[in-house]
Amino acid sequence: MEADAHDLGGLATGTKLGHELIVDLALSAESAIMWSFDFAAGNITWMPGLDAVLGMPGAPAEEVQTRLGELLAPLTVAARSAPVWEDFELEQPFATPAGETKWVRFRARTFGGTRPGGLLGIATDVTDRHQDRQAIADLADRYRLLVDLSPEGICVHENGLLVYANPATVRLLGAECPGDILDRPIVELVDLRSVPGMRKRIQALTTPGARSEPSELLLRRLDGSTIMVETVSVRTTWKGRPAYQVILRDVTDRKAAEAALRYQAALVSHVSDAIIATDSQAVVTSWNPAAESVYGRSAAEAIGRPVSELVGAPLEPGAVLLAGGVVQDTHRAADESALSIRVSAAEMNGGYVLVCADETARRRAEQDFSTVVASLDEGVVVVGASGLVESANPAARRILGMREEDLLGMPPTALRLYDESGTPVPLDEYPTTQTRLTGEPQNGRVVRVRRPDGRSVWLSLTCRSLSPDGELPAPVVNSFTDITERRAIRERLEHEATHDPLTGLANRTLVIERLSAAQENPGQPGLTAVLFIDLDKFKVINDSLGHSVGDKVLRIAGERLRHGARRGGLVGRLGGDEFVVVTHGVTDHGEIRLLTERLRDSLTEPITVDGRQLHVDASIGIVLAGPGDRRSPEDLLRDADVAMYQAKTLGRGRYEFFDVELRERMQRRLRLEQDLRDAVQNGQLWVAYQPVVDLQTRHMVAVEGLLRWDHPVHGAISPTEFIPLAEESDLINLIGMHMLWETTRELAIRRVRHGLDTHLKVNLSTRQLDDPQLVPAVAEALRTTGLPPHTLCLEITESALMRDSAAATGALSELRGLGVRLAIDDFGTGYSSLAQLQRLTLDTLKIDRSFVTDLGESADAEAIVTSIIAMAHAVDLTVVAEGVEKPRQLEILRGLGCDQAQGFYLGRPAPAGQLFPRASTATTWPVEPDPTL
């Protein structure tokens, strides 16, 4: 067997090859090398370049011949017994000397006289195509489930037995599960009339991948019925053994399926690249449909013309070969539009084959992509499989503070990364490294990068592999956004969300979070102490000196608490002048007392603001919580607040520890406040009347309405308990108006019914004086009930008048304009002056019971009462003494010139139905109670 790498024209048979045969073979492949085999002489000849196709460039001809002979053996054996001009095709794998696996496709045709004299063929390197096929096979595995879910029946039979059936096949055959039909002879599932044709088609499928033409077939269902389907059988393998795959389609879908198959076949059989054959002078001899499409010229127009003229640019096939066989160039279509073409050239039978791939769209997309990437605000860095930076867009250079020449060729690990806790990221855990070595993406990793100029930037980093076939290590594209400013804003917002804007201390949210964290740490030693701190006298400072001064006082107080708290303690401001200190690891009450006293001492030191020395104190409530305490953080703050309130109640400027009894008292207080809201609607509030007696005539001249509450559970609730509750909430205005309407209505009725000239006294709360609806409500009550205005006397405590005398003066003047009378109650406890009494235009002064109680027992008390009576008479005020409980007190008051009196000695508060039947203009007080009432 001889080898000739230069002569394909002379064969051992002496048969002259047709020019059309060679061109036909050459045009059937993209880049191919011609070869021939003479059966008689056993000679193999080939064109230059076959050594490269066989993976042994530059090898001696003998080695090339040996390799080629081994690979062609199956073809040469089969072709000897084949008719002349029969085509053969074979793809063979082999190992190159470098250890790589390559694939070569041989296409050949027998030639000769009456019997084949040899083979003429081409050899094409199809290694890339096989790799693509492997990718397709992998894709097929991933989509194997689609076969199971296919609406068309797909089954496989081997040696006449059914070995696989998808769910659609199971349904077609009327089975309930695959087990009903698997391992059964295929002929049992086919109608007898269709069996011969089926066997004939199967026998015709002699090579792997061979398929039958679509044909109709009757299937026999398990229930005995038949169904007509269209079948296509394909020779395949099942577990490595020859088998047949059958696709079963409903006849109604046949045309659609045939159209789809034709479309798919057209896609497979027609390449999109222009394939052009020329002679040695670069004159076109063949022009495929893709060339017509790419260049806009028909084959009839192109054949016989120089290729350069047709592609609109100089194109010398020989020059392309000298340049390596592949060049990139710009061509022009018939309409003069520019085309970006990749030209591959190969020699063929004295001429050339040119494969012109139109990459215009891809090149334009690449340019557009490059422009987009360059204009992005997001940084984009490509790291090659070697682990070095290959490209970086302008945004990446700006964000990282580096020049392009410094970035290119640099390993990403040269930049130090830190995680969100500030810990350096190990080099082997860099996101780029992880993706490059594993192919797994990294999404939205937040890292801090130290720039060469020393600045730090926070990045949101995403890494993606650029290896489509999953080969590792893979090139990686890194995209990142500078989130430094966004993170700073977030941190500031988080700080603002958890800190008081005025003092910078923790707010309620952060205090609760820290308390929750402490409770979730059962291993923390000692007790947790919560100190609820309320500044005393702060309201006076805020109201008198303004909020700006008050804010400065709060900031100084917060800073003092911060310095005075234990190391590791948390200081917070809950709002207003309320602060909280949380400390852990407390061992006993003595330790927390020392801390509390230190905090109070720091707060009571003079505070200098705008040249003024100010003084504040603090009431502090303390809660201690040990391990296992089930109270929530809100409960702890509530209990500390309760203890603080108790400290304030006991005199301010002190501290109290919380206990369960204190909580129960507060809970009762809260329950009563809630029940008081419903008391008016539920009829639980009623009015008792206490007589007011003229000391000279001893006749009842007025009654004072006193509110009473019969609770459905707790019974009678003392006014000293529920009135303060009402005054501290918004209820006092509601129940005050209720009482005003009840008492004016009652007295108006009693005055008419009993012929009495009795006046009514009703107490006004401090909060009621601030109510803009007070005066209109009083006017409406008088108008509706018909009670003469001069018979209504509204009593205001001295402390209420002293709290805000200017506001009180305005409200009292409007009431005086209605014609009602006004009285100052509990006189002697508020330090009011004679001038103030004159300015308020009052009618009556009531001496506080604390002075009346000591009459007859204390000379000082008698002197004080004497002075009060004299002062009141000096400004024409009627004087009423409260709390008369003994005859001696009554006689002394009469002797001192007091006008009127009331008290238990003269009559206890009683319902209207008990009091008024005993009252008449001639009744002398005190009277003996009627035993029948």
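From a predicted model like this one, the values you see are computed outputs, not experimental measurements.

Visitor: Any chance you could explain the overall build of the chain here in plain terms?
Guide: Of regular secondary structure, the chain possesses 34 helices and 38 strands. Relative to a compact globule of 933 residues, whose C-alpha radius of gyration would be 30 Å, the chain shows 54 Å and is clearly more extended. Across its three principal axes, the chain shows a C-alpha extent of roughly 165 × 80 × 60 Å. When each of the 933 residues of the chain is scored for burial, the buried share is 45%. Look at the contacts in the chain between residues 6 or more apart in sequence, and 56% of them connect residues 24 or more apart. Within the structure as shown, the chain displays about 46400 Å² of accessible surface, and the carbon and sulfur contribution to it stands at 52%. Taking the 97 positively charged and 130 negatively charged side chains of the chain as two groups, their mean positions are separated by 3 Å.

Visitor: Would you mind showing me how to read the sheet that holds strand 8 (residues 161–165) here?
Guide: Strands belonging to one sheet form pairs held by backbone hydrogen bonds; the direction of such a pair is parallel or antiparallel. Ordered in space as 8-7-11-10-9, the five strands form an open sheet in which the pairing is antiparallel. The open sheet is flanked by strand 8 and strand 9 (215–220), the only strands paired with a single partner. Sheet twist, expressed as the average angle between the axes of neighbouring strands with direction ignored, equals 40 degrees. Sheet contacts for helix 7 (residues 195–204): strand 7 (153–158), strand 9, strand 10 (226–238) and strand 11 (241–250); angle to strand 9, the most-contacted strand, approximately 125 degrees.

Visitor: Please clarify how the nonpolar core should be interpreted in this entry.
Guide: Proteins that are soluble and globular tend to have nonpolar side chains buried together. Among the nonpolar cores identified, the biggest contains 74 residues, and Val-778, Leu-792, Leu-794, Leu-815, Ile-847 and Leu-893 are the most heavily contacted of them. For this core, the element with the highest residue contribution is helix 25 (residues 731–754), accounting for eight residues. Ignoring any residue separated from it by four or fewer positions in sequence, one finds Ile-847 in contact with Phe-827, Val-852, Val-865, Ile-868, Ile-869, Val-879, Val-880, Ala-881 and Glu-882.

Visitor: Teacher, can you tell me more about the sheet that holds strand 24 (residues 570–575) here?
Guide: Reading across from one edge, 24-25-23-28-29 is the order of the five strands in this open sheet, with mixed pairing throughout. Two strands lie at the open edges of the sheet, namely strand 24 and strand 29 (655–657), each paired on one side alone. In this sheet, adjacent strand axes meet at a mean angle of 20 degrees when their direction is disregarded. Both strand 28 (residues 617–625) and strand 29 contribute to a ladder of three bridges, which runs parallel. Each residue of the ladder has a partner; that of Ile-622, found in strand 29, is Phe-657. Across the sheet, helix 22 (residues 633–649) lies against strand 23 (527–536), strand 25 (578–586), strand 28 and strand 29, angled at about 140 degrees from strand 28, the strand it touches most.

Visitor: Would you mind showing me how to read unusual backbone geometry here?
Guide: Excluding glycine, residues mostly carry a negative phi; peptide bonds, for their part, are mostly trans. Between Leu-472 and Pro-473 the backbone carries a cis peptide bond, its omega angle lying at -10 degrees. Its place among the elements puts Pro-473 in the loop between strand 21 (456–465) and strand 22 (476–482). Following Trp-925, the chain continues to Pro-926 via a peptide bond in cis, the omega torsion being 5 degrees. Note on placement: Pro-926 falls in the segment after helix 34 (912–915). Of note, Asn-159 is a non-glycine position whose phi angle comes to about 50 degrees, a positive value. Summarising the element assignment, Asn-159 is placed in the loop between strand 7 and strand 8. Even without a glycine there, the phi angle at Glu-336 is positive, about 70 degrees. Among the secondary structure elements, Glu-336 is positioned in the loop between strand 14 (326–332) and strand 15 (338–348). The class for Glu-336 is exposed, based on a relative accessible area of 55%.

Visitor: Whenever I open this one, helix 22 confuses me. Can you help?
Guide: In an α-helix, one full turn covers 3.6 residues, which means residues spaced three or four apart are oriented alike. Here helix 22 spans 24 Å end to end across 17 residues, near enough to the 24 Å set by a 1.5 Å rise per residue. Of the residues making up helix 22, those classed as buried are Pro-633, Leu-636, Leu-637, Asp-639, Ala-640, Val-642, Ala-643, Met-644, Gln-646, Ala-647 and Lys-648. Just beyond helix 22, the residue with positive phi is Gly-651, at close to 130 degrees.

Visitor: Can you help me understand the side chain of Gln-442 in this one?
Guide: Checked against the element boundaries, Gln-442 lands in strand 20 (residues 442–450). Among all residues touching Gln-442, those that are not within four sequence positions of it are Pro-431, Gln-434, Thr-435, Leu-461, Thr-462, Cys-463 and Arg-464.

Visitor: What is the right way to look at the state of the cysteines in this model?
Guide: Between two cysteines, a covalent bond joining their sulfur atoms is known as a disulfide. All told, the structure shown has zero disulfides when counted by the stated rule. Between Cys-898, a cysteine without a disulfide, and Cys-793, which holds the nearest cysteine sulfur, the sulfur-to-sulfur distance is 14 Å.

Visitor: It is not clear to me how the packing of aromatic side chains should be interpreted in this structure. Could you clarify?
Guide: Two aromatic rings are characterised by how far apart their centres lie and by the angle between their planes. Here the structure, examined in full by the defined rule, presents seven aromatic pairs. Seen in terms of ring centroids, Trp-287 and Tyr-295 are 5.7 Å apart; in terms of plane orientation they differ by 50 degrees. Their pairing is tilted. Side by side, Trp-287 and Tyr-295 carry an identical accessibility label, which is buried. Sitting over the face of the ring of Trp-458, Arg-487 holds its NZ or CZ atom 3.8 Å from the ring centroid. Looking at Arg-908, its charged tip hangs above the ring of Phe-904, at a distance of 4.1 Å from the centre.

Visitor: Is there a simple way to think about the pattern of salt bridges in this case?
Guide: Close approach of charged atoms allows side chains with opposite charge to pair. Under the definition given, this model contains 43 salt bridges. Put simply, Asp-223 and Arg-221 hold a salt bridge, and the shortest N to O gap is 3.9 Å. Taking relative accessible area as the criterion, Asp-223 reaches 58% and is therefore assigned exposed. Overall, Arg-221 belongs to the partly exposed group, its relative accessible area being 21%. A salt bridge links Arg-490 to Glu-494, with the shortest nitrogen-to-oxygen separation between them at 3.5 Å. Highlighted residues: Arg-490 and Glu-494, both in helix 17 (residues 484–498), separated by four residues, approximately one helical turn. Arg-490 sits in the partly exposed class, given a relative accessible area of 37%.

Visitor: Where do I start with the side chain of Ser-340 in this structure?
Guide: You can see Ser-340 is positioned in strand 15. Contacts of Ser-340, omitting those with residues within four sequence positions, involve Gln-328, Asp-329, Ala-357, Asp-358, Glu-359, Thr-360 and Arg-363.

Visitor: Hey, could you run me through the packing of helix 19 (residues 538–545) against helix 20 (residues 547–564) in this one?
Guide: Each pair of packed helices can be summarised by the angle the axes make with each other and by the distance between the axes. Interaxial distance between helix 19 and helix 20 falls to 6 Å at its minimum, and their mutual angle equals 145 degrees. Between helix 19 and helix 20, the residues in contact are Phe-538, Ile-541, Asn-542 and Leu-545 and His-547, Val-549, Gly-550, Val-553 and Leu-554, respectively. Counted by class, the contact of helix 19 with helix 20 contains six nonpolar, three polar and no charged residues.

Visitor: How should I be thinking about the pairing of strand 12 (residues 274–278) in this particular structure?
Guide: Both faces of the sheet carry side chains from a regular strand, because those side chains alternate between them. A large share of strand 12 lies buried, amounting to five of its five residues. In strand 12, alternate side chains face the same way, and those of Ala-274, Ile-276 and Thr-278 on one face and Ile-275 and Ala-277 on the other are all buried. With five bridges connecting them, strand 12 and strand 16 (residues 351–358) associate as antiparallel partners. Its bridge partner lying in strand 16, Thr-278 is registered against Tyr-352.

Visitor: Looking at this structure, I do not really get the packing of helix 20 against helix 21 (residues 589–604). What am I missing?
Guide: Where helix 20 meets helix 21, the axes come as close as 9 Å, and the angle between the chain directions of the two elements is 145 degrees. The way helix 20 lies across helix 21 gives a crossing that is right-handed. Residues Ala-557, Arg-560, Leu-561 and Gly-564 of helix 20 form the contact with helix 21, whose participating residues are Leu-595, Arg-598, Leu-599, Ser-602 and Leu-603. Residues that form the contact of helix 20 with helix 21 fall into these classes: five nonpolar, two polar and two charged.

Visitor: What am I meant to see in helix 21 here?
Guide: Between its terminal C-alpha atoms helix 21 stretches 22 Å, which fits the 22 Å expected from 16 residues at 1.5 Å a residue. Among the residues of helix 21, those classed as buried are Ile-592, Leu-595, Thr-596, Leu-599, Arg-600, Ser-602 and Leu-603. In a view along the axis of helix 21, the buried residues occupy a sector of 160 degrees, so they form one face of it. As for helix 21, its buried residues are in contact with strand 23, helix 20, strand 25, strand 28 and strand 29. Its side-chain oxygen placed 3.2 Å from the backbone nitrogen of Gly-590, Asp-588 serves as the N-cap of helix 21.

Visitor: Looking at this structure, I do not really get the pairing of strand 14. What am I missing?
Guide: Looking at chain direction, strand 14 and strand 15 are connected through seven bridges and run antiparallel. Following the sheet pairing, Val-327 is matched in strand 15 by Val-343. Connecting the antiparallel pair strand 14 and strand 15 is a turn made up of five residues, with Glu-336 showing a positive phi of about 70 degrees.

Parameters at a glance
- Residues numbered from 1 in each chain as written.
- Predicted model: local features only at pLDDT ≥ 70, side-chain atom pairs only at ≥ 80, totals over all residues.
- Heavy atoms only, no water.
- Helix = DSSP H or I, 4+ residues; strand = E, 2+ residues; numbered from the N terminus.
- Rg over C-alpha atoms; globule rule 2.2 N^0.38 Å.
- Buried < 20%, exposed > 50% of the residue type's maximum accessible area, 1.4 Å probe, protein only.
- Contact = heavy atoms within 4.5 Å.
- Areas by Shrake-Rupley, 256 points an atom, 1.4 Å probe, with all protein chains shown as cover.
- Lys, Arg positive; Asp, Glu negative; His and termini not counted.
- Charge placed at Lys NZ, Arg CZ, Asp CG, Glu CD.
- Pairing = 2+ DSSP bridges.
- Axes fitted to C-alpha atoms, helices over the stretch in contact; angles between N-to-C directions.
- Core = buried A, V, L, I, M, F, W, Y, C linked by side-chain atoms within 4.5 Å.
- Expected span 1.5 Å × (residues − 1).
- Disulfide = S-S within 2.5 Å.
- Phe/Tyr/Trp six-rings, centres within 6.5 Å; stacked < 30°, edge-to-face > 60°.
- Lys NZ or Arg CZ within 6 Å of the ring centre and 35° of its normal.
- Salt bridge = Lys/Arg side-chain N within 4 Å of Asp/Glu carboxyl O.
- Nonpolar A, V, L, I, M, F, W, Y, C, P; charged D, E, K, R; others polar.
- Left-handed = near helix turned anticlockwise from the far one by under 90°.
- Arc of directions from axis to C-beta.
- Polar contact = N/O pair within 3.5 Å; in protein donor to acceptor, adjacent residues only side chain to side chain.

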